[in-house]
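Secondary and tertiary structure notes
The primary structure of each chain is shown beneath.
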Amino acid sequence: MLKPSNLLTSAFTSSQNPVARKILIKGIVQGVGFRPFVYLLAHKYELKGTVSNTAAGVLIYTEGALQSIQDFCTDLEKESPPLAHITDITVSSESIRNYPDFTIIQSQDNGRRTTLISPDVAVCDDCRAELVDPHNRRYQYPFINCTNCGPRYTIIKDVPYDRPSTCMHKFALCRLCQAEYDNPHNRRFHAQPNACPACGPHVSLYDNQKSLITDVNANTIEETVRLLKQGAIIVIKGLGGFHLVADATDNNAILRLRRRKQRDAKPLAMMAGTVDQIRRFAHVNPDEEILLNSYQRPIVLLTKKQNHLIASAVAPHNRYLGVMLPYTPLHYLLFNYNFEALVMTSGNSGGMPICIANGDAFKMLSDIADYFLIHNRDICLRCDDSVVKYTHGAVRFLRRARGYAPMPIFLRHDTLPILACGGELKNTVCLTKGDQAFLSQHIGDLKNHETYIGFQQTIRHLQKILDIKPEIVACDLHPDYLSTRYARELNTTVIAVQHHHAHIISCLAENRAQGPVIGLALDGTGYGSDGAAWGGEVLLADMDQFQRMASLAYTALPGNNAAVKAPWRLAVSYLYASFGEDFQNLNLPLFEQVGDQKIRFIADMINKKINSPLTSSLGRLFDGVAAIIGLCNHISFEGQAAMNLEMIAADSVETSYNYELDYQEVCLILWQPLIRGIVQDMHNGVSVAIISARFHATVIKMFCEACEVIRKKSGVNQVALSGGVFQNTFILTGMMRLLQKKDFQVYTHKITPCNDGGLSLGQALIADAIAKSSRH
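None of these values were measured; they are calculated from a predicted model. (Residues numbered from 1 in each chain as written. Predicted model: local features only at pLDDT ≥ 70, side-chain atom pairs only at ≥ 80, totals over all residues. Heavy atoms only, no water.)

**Side note on the overall build of the protein chain**
What the protein chain contains, in helices and strands, is 23 helices and 29 strands. Rg of the C-alpha trace for the protein chain: 28 Å, near the compact-globule value of 28 Å for 776 residues, within the 12% margin. Projecting the C-alpha coordinates of the protein chain onto the three principal axes gives extents of approximately 95 × 65 × 50 Å. Sequence separation of at least 24 residues holds for 72% of the intrachain contacts in the protein chain that already meet a minimum separation of 6. Carbon and sulfur atoms make up 47% of the accessible area of the protein chain, which totals about 29,300 Å². Once the 76 positive and 72 negative side-chain charges of the protein chain are each reduced to a mean point, those two points are 2 Å apart. (Helix = DSSP H or I, 4+ residues; strand = E, 2+ residues; numbered from the N terminus. Rg over C-alpha atoms; globule rule 2.2 N^0.38 Å. Contact = heavy atoms within 4.5 Å. Areas by Shrake-Rupley, 256 points an atom, 1.4 Å probe, with all protein chains shown as cover. Lys, Arg positive; Asp, Glu negative; His and termini not counted. Charge placed at Lys NZ, Arg CZ, Asp CG, Glu CD.)

**Regarding the sheet that holds strand 3 (residues 57–64)**
Strand order in the open sheet formed by 5 strands is 4-1-3-2-5, and the pairing between neighbours is mixed. What marks the edges here is a single partner per strand, and that holds for strand 4 (85–94) and strand 5 (102–104). Pairs of neighbouring strands in the sheet enclose a mean axial angle of 15°, with direction left out of account. Relative to strand 3, strand 1 (residues 19–28) is paired through 7 bridges, and the arrangement is antiparallel. Across the sheet, residue I25 finds its bridge partner in strand 3, namely V58. (Pairing = 2+ DSSP bridges. Axes fitted to C-alpha atoms, helices over the stretch in contact; angles between N-to-C directions.)

**Looking at the packing of aromatic side chains**
Inspection of the entire model under this criterion finds 14 aromatic pairs. When the centroid spacing of 6.5 Å and the interplanar angle of 80° are considered together, the rings of Y452 and Y486 count as edge-to-face. Within this pair, whereas Y452 is found in helix 11 (residues 449–466), its partner Y486 is found in helix 12 (residues 482–489), the two being separated by 34 residues in sequence. In this pair, the class of Y452 matches that of Y486, namely buried. Note on F622 and F695: the rings are 4.8 Å apart at their centroids and 80° apart in plane angle, and the pair reads as edge-to-face. A residue pair is termed long-range when its members are at least 10 positions apart, and F622 in helix 18 (residues 618–628) and F695 in helix 21 (residues 688–714) qualify at 73 residues. Note on F695: relative accessible area 0%, which makes it buried. (Phe/Tyr/Trp six-rings, centres within 6.5 Å; stacked < 30°, edge-to-face > 60°. Buried < 20%, exposed > 50% of the residue type's maximum accessible area, 1.4 Å probe, protein only.)

**Details of the state of the cysteines**
If you walk through the whole model with that rule in mind, you get 1 disulfide. Paired by a disulfide, C167 and C380 hold their sulfur atoms 2.0 Å apart. Negative torsions about the S-S bond denote left-handed disulfides, and the value of about 125° found for C167 with C380 makes this one right-handed. Of this pair, C167 sits in the loop between helix 3 (125–131) and helix 4 (175–182) while C380 sits in the loop between strand 14 (371–375) and strand 15 (387–391), and the two are 213 residues apart along the sequence. Residue classification places C380 among the partly exposed residues on the basis of a relative accessible area of 23%. The cysteine C667 is free of any disulfide, with C707 supplying the nearest cysteine sulfur at 11 Å. For C667, a relative accessible area of 4% puts it in the buried group. The cysteine C707 is free of any disulfide, with C704 supplying the nearest cysteine sulfur at 6.0 Å. (Disulfide = S-S within 2.5 Å.)

**Focus on the pairing of strand 14**
Walk down a regular strand and you will see the side chains alternate between the two sheet faces. Burial analysis of strand 14 places 4 of its 5 residues in the buried class, the great majority of the element. Where strand 6 (residues 203–207) and strand 14 come together, 5 bridges link them in antiparallel fashion. Considered in strand 14, the bridge of L205 is made with L373. Alignment of strand 8 (residues 234–237) against strand 14, held across 3 bridges, turns out to be parallel. In the strand pairing of strand 14, V235 is matched with F372.

**Topic: the confidence of the model for the protein chain**
With 97% of its residues at a pLDDT of 70 or more, the protein chain has an overall mean of 94. Across residues 1–10, where pLDDT falls below 50, the model places 29 contacts with residues more than four positions away in sequence or in other chains. (pLDDT = per-residue confidence, 0-100.)

**Some points on unusual backbone geometry**
Cis geometry is adopted by the peptide bond preceding P406, which originates at A405 and carries an omega value of 5°. Positionally, P406 belongs in the loop between strand 16 (394–399) and strand 17 (408–420). Cis geometry marks the peptide bond from G515 to P516, where omega comes out at 5°. In this fold, P516 is placed in the loop between helix 13 (499–510) and strand 21 (517–527). Even without a glycine there, the phi angle at Q262 is positive, about 55°. With relative accessibility at 69%, the residue Q262 sits in the exposed group.

**Side note on helix 17 (residues 596–608)**
With 13 residues, helix 17 ought to run about 18 Å at 1.5 Å a step, and its terminal C-alpha atoms sit 18 Å apart, in line with that. Among the residues of helix 17, I599, I602, A603, M605 and I606 are the ones counted as buried. The buried side chains of helix 17 occupy one side of the element, clustering within an arc of 155° when seen end-on. Facing away from the buried surface of helix 17 by more than 90 degrees, the exposed residues are Q597, F601 and K608. Structurally, helix 17 contributes buried residues whose contacts are with strand 24 (555–556), helix 15 (567–579) and helix 16 (589–594). Positive phi shows up at K609, right after helix 17, with a value of about 55°. (Expected span 1.5 Å × (residues − 1). Arc of directions from axis to C-beta.)

**Topic: the environment of Y576**
Of note, Y576 is situated in helix 15. Residue classification places Y576 among the buried residues on the basis of a relative accessible area of 12%. Those residues in contact with Y576, other than ones at most four positions away along the chain, are E581, F583, A603, I606 and N607. At 2.6 Å, the side chain of Y576 and the side chain of E581 are in polar contact. (Polar contact = N/O pair within 3.5 Å; in protein donor to acceptor, adjacent residues only side chain to side chain.)

**Re the packing of helix 18 against helix 21**
In a packed pair of helices, the relevant descriptors are the angle between the two axes and the axis-to-axis distance. For the pair helix 18 and helix 21, the least separation of the axes is 12 Å and the interaxial angle reads 155°. Regarding the angle of helix 18 to helix 21, the classification is roughly antiparallel. In the packing of helix 18 onto helix 21, the handedness of the crossing is right-handed. In contact with L618, L621, F622 and V625 of helix 18, helix 21 contributes F695, H696, V699, M702 and F703. By residue class, the composition of the contact of helix 18 with helix 21 is 8 nonpolar, 1 polar and no charged. (Parallel < 35°, antiparallel > 145°, perpendicular 65-115°, else oblique. Left-handed = near helix turned anticlockwise from the far one by under 90°. Nonpolar A, V, L, I, M, F, W, Y, C, P; charged D, E, K, R; others polar.)

**Quick word on helix 6 (residues 251–261)**
A253, I254, L257, R258 and K261 are the residues of helix 6 that are buried. An end-on view of helix 6 places all buried positions within 140° of arc, on one side of the element. Of the exposed residues in helix 6, the ones pointing more than 90 degrees away from its buried face are N252 and R259. Looking at the packing, one finds that the buried side of helix 6 touches strand 9 (242–247) and strand 13 (342–346).

**Structural notes on the nonpolar core**
Judged by nonpolar contacts, the single largest core of 102 residues is most densely connected at I25, F34, I60, F72 and L76. Here I60 is in contact with R21, K22, I23, I25, V38, T50, V51, F72, L76 and F102, once residues within four sequence places are set aside. Formed by 79 residues, the second largest nonpolar core is a distinct cluster that contains L570, Y659, V679 and F695. (Core = buried A, V, L, I, M, F, W, Y, C linked by side-chain atoms within 4.5 Å.)

**Regarding the pattern of salt bridges**
This structure, assessed with the given rule, holds 25 salt bridges. Here E94 ties to R97 by a salt bridge, and the two come within 3.2 Å at their closest N and O atoms. Under the relative-accessibility criterion, R97 is labelled partly exposed at 41%. Between R188 and E130 there is a salt bridge, with its nearest N and O atoms 2.6 Å apart. Taken together, the positions of R188 in the loop between helix 4 and strand 6 and E130 in helix 3 put the pair 58 residues apart, joining distant regions of the chain. Exposure class is identical for R188 and E130. Each is buried. Look at the salt bridges and you will find they share partners, linking E130, R187 and R188 into a network. (Salt bridge = Lys/Arg side-chain N within 4 Å of Asp/Glu carboxyl O.)

Listed below in structure tokens is the structure:
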């Protein structure tokens, strides 16, 4: 992920006399204890000089024996602090200035900003030990932190990363904290969020009418715990936003939370105190344990144990639980009181962005929560919890945010300064500079004004702290996306990028691979070059262009977006196309569940082509099959029907369904035989678990065969897998194994989400390639 450092050893020349060197260190080197590390290292080697933060990184002037400076530079890389990520070290000769000693001097803002910003970091072991030590002055203090942990990205307003440029500027340090802050030998030296009960932020507990219950720290925590154990729903302010919290073993509390939040079925994230606690209700393998314990502390999808310790309402109809470990001191204080687990779901309602301000939280969440545990440290930037799972030997991101953003993705080559605006769902933005691509944290679905405001704020914030002024803006082809409209309103060159092309290039980019590549872009929807809704695409793609080589055959989308929310409409579409008018004589649960009159109405819409645009989406095929077998006729969240179909699938099957390839200019993958096979199995009493498994196996086979056809035509032997369908474990692992068995080189997502959360990265790289091509 990070480019290897490169010491310019040519700057060293043979000399026995004292020499002077200027050393510029780039990367994540601010707010991670780097300057005190340099200070102590300089004293170790008896060097004189200075170290300071600059907009470009950490700048060192040093004088001393040549060998000592050489050893010093070697140790800068080898012994750097655990949270530092060095991307480049430049060493150049300087004239002797005769420094009397080595000192840390005031930060300088004297040039172009190239320093990297650290993500937020989970509380470290040292701070956790102090948190529970009754003799420590920060005993049970919910904001304990040091140079090695705590908030970073969500409190920074500008660079260099110093306290006046953070949300901590309003908290003046007390005498003891100031002494720590000024002492290079202390692990809180220049820890910008440094604070204690005497001078720092504090927590307060309110009811949902804004009446103060208590703001005495110990009482606040104890009262919060008591209320949670009584079944209360409590809003708790965290690092990058608010959580809605309830006891994960209390089914009534969870059902009440779902009802108030109007979140009927989507799985809820949880937090547990330790990995051992998690093992009581979920399977945890060694790789998942590493992820859980990592300083990023993502939500990790784990396979459930069927022991009913966790309320069934937490993740109904799902074989996974999303669980994370505590990452703030406040979390650890709560788990001192022996909770099995707590639900910790995003503090928002109805598709709105997660709350970050106290006033907004009361306004939006008072109808959902009973109480509010808040604090008076501001959150500068919204940042949700990251969501990952470990599949087929690698980490797979479903949502990349806290703990990872804004870490850069390193590219094969330098790029122009570009802003890529992403898509509509799971929006992220991407800014490029040199060989680095900065993918923002998850922003959300750009379907309302509030999320759009957050989208604009994120762009402004990243442009400011990264000092990037885009020459080009990339956006999706879809003319009605808010992200597209934003791009077109800017007074900058705009390059519109096809959705599925962007998916494939995002996968290539994070793998530092080159095209041409066969791209399997499989998702729910994306605006196609012909104006139709694509989503089952096999492309032959390079950075600046692509050719559609194969695709799922089109079907009608009766009612357009209404069909996405009501998969039974898609079932009618697939059945009508597979059986003609006779489909209405089939004996399927669909007809009893929906009713003949509604089904005839939809068939008539399709027949007369009334508001029934065409789609080649594999995601929609999943939806239709889920409805055909009686699994899901209406959804309350994106991907629900497809998720349910995955969750019921048998672990393995011997057989698959038939399908056909129609070799036209664009090879059509005909799904009609598949639909007829599913209906035959339904009539024969085959279980839905077997039908689902056979369906998954068929999808894998038909797209792998399409790849073989394209390899014969093009000679291209590498395949990139991208799009939201690859969040499905059966599809990802099955496709990888079969393609590798057929000797394909297979690229998958490991750094960015395969869903639309990674789209902006691909947009940026395509726009860069197109712009450079046009200039030549």
